[in-house]
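# Overview (structure and organization)
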Amino acid sequence: MNDPLSALEARIGYSFRQRDHLILALTHPSWQQETHGTKENNQRLEFLGDAVLHTIVAEALYREFPAEREGVLTRRRAALANGTFLAKLAREIQLDAALRLGSSEEATGGRNRDSALEDAFEALIGAVFIDGGLDAARQVTLGIYGPLPARLEGVETIANPKGRLQEIVQPIHGNAALRYDVKAVVGDHSKEFEAVVYLFESALGSGRGPTKKFAEEAAAIEALAKVATR
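Since the structure is predicted, the reported quantities are computational estimates derived from the model, not experimental observations.

Reading the values: rules and limits
Residues numbered from 1 in each chain as written. Predicted model: local features only at pLDDT ≥ 70, side-chain atom pairs only at ≥ 80, totals over all residues. Heavy atoms only, no water. Helix = DSSP H or I, 4+ residues; strand = E, 2+ residues; numbered from the N terminus. Buried < 20%, exposed > 50% of the residue type's maximum accessible area, 1.4 Å probe, protein only. Polar contact = N/O pair within 3.5 Å; in protein donor to acceptor, adjacent residues only side chain to side chain. Contact = heavy atoms within 4.5 Å. Salt bridge = Lys/Arg side-chain N within 4 Å of Asp/Glu carboxyl O. Pairing = 2+ DSSP bridges.

### Focus on the environment of T211
- Checked against the element boundaries, T211 lands in the loop between β3 (202–209) and α12 (212–228).
- Residues T211 and K191, 20 residues apart in the sequence, show an inter-C-alpha distance of 7.9 Å.

### Structural notes on the side chain of N41
- Looking at the element boundaries, N41 is found in the loop between α3 (29–34) and α4 (43–64).
- For N41, a relative accessible area of 15% gives the class buried.
- Among the polar contacts listed, one links the side chain of N41 to the side chain of Q32, at a separation of 2.7 Å.
- If we ignore the near neighbours within four places in the chain, the residues touching N41 are L24, T27, H28, P29 and Q32.

### Looking at the pattern of salt bridges
- Counted according to the given criterion, the structure contains 19 salt bridges.
- Close ionic contact of R208 with D50 constitutes a salt bridge, the shortest N to O distance being 2.9 Å. Placement of R208 in strand β3 and of D50 in helix α4 is noted, with a sequence separation of 158 residues between them.
- R111 serves as the salt-bridge partner of E106, at 2.5 Å between the closest nitrogen and oxygen.
- Bridged by salt links that share partners, the residues E59, R63, D135 and R138 form one connected network.

### Looking at unusual backbone geometry
- Positioned with a positive phi, Q94 is a non-glycine residue whose angle comes to about 55°.
- Along the chain, the position of Q94 falls in the loop between α6 (83–92) and α7 (103–107).
- Of the residues examined, Q94 reaches a relative accessible area of 40% and is grouped as partly exposed.
- Of note in the backbone geometry, F200 takes a positive phi value of approximately 55° without being a glycine.
- Note that F200 resides in the loop between β2 (192–199) and β3.

### As for the pairing of β2
- One ladder, built from 8 bridges, connects strand β1 (residues 178–186) with β2; its direction is antiparallel. Bridge pairing in β2 links V186 to E192.
- Pairing geometry for β2 and β3, over 7 bridges, is antiparallel. Bridging from a neighbouring strand, Y198 pairs with A203 of β3.
- Here β2 folds back onto β3, and the loop between the two strands holds 2 residues, one of which, F200, carries a positive phi near 55°.

If you want it as C-alpha cells, here you go:
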C-alpha cells in the first residue's frame, strides 16, 4: 500500500469520510509555516483530541475496574495518557511515517520527537471524533490501546510516584532539585488542576487531576516515564 494515509487508516481500523480531517491531524505547525496556502495546523485538533482521549480512557478504566476508588483510577488514567506513553502509541501505529513536517523540523529530527508524536496522536483522535463521532473515536482509541490491564502492567508506577521520582533525582541533583507548580485551574463547578514538575528550571513532566495532589502525582508519573527511557 503506497498511500501513507490509506496505510495509516488500515492500521487504526478506520476510514475517514472526509480525508481532510486526517490530513489536518498530521499537519505539524512547521508545515503550515513553510507551505503556502496551508491555513491551519493540528493544534486545535490536538486540543479537542486531548479531551476526547481522557474521556474515553476514564470511561474504560471506570468499567474495567469497578472496585477501584477515584485516586487509583486517576493515577491509572495519568499513566495511560501522559505524553511519553502517547508518543509510544504513535510509534506503534507508525504515525511518524505519515506526519507532514516542514523541512527545518524534518532536518532536526522532528519526526521522532515525542512532543510532535503526542500532539499528532491526540489530533488523530480528535479527527476521528469530528469525522465519525464518539463511538468511532472510542473504537479507534481502545483498539490501539488493547486490553488496559496489560498496558498498565508496563506503565503503572508505584503508589507514591512523587516519592519515587525524588528517590531517583536526589542522589544526583540533591534534595531541592524538584519543584511542582500548579499551572492552571479550569472549570467553575468541577475544577481540574494542571501541574508541572521541574528539575531545576527544566520541565520534566506535566499532569492533570481533580485536586492539586492528583495533578502533581500525574506530573510525577510522566516524569518517571521519561527518566526510565534515559
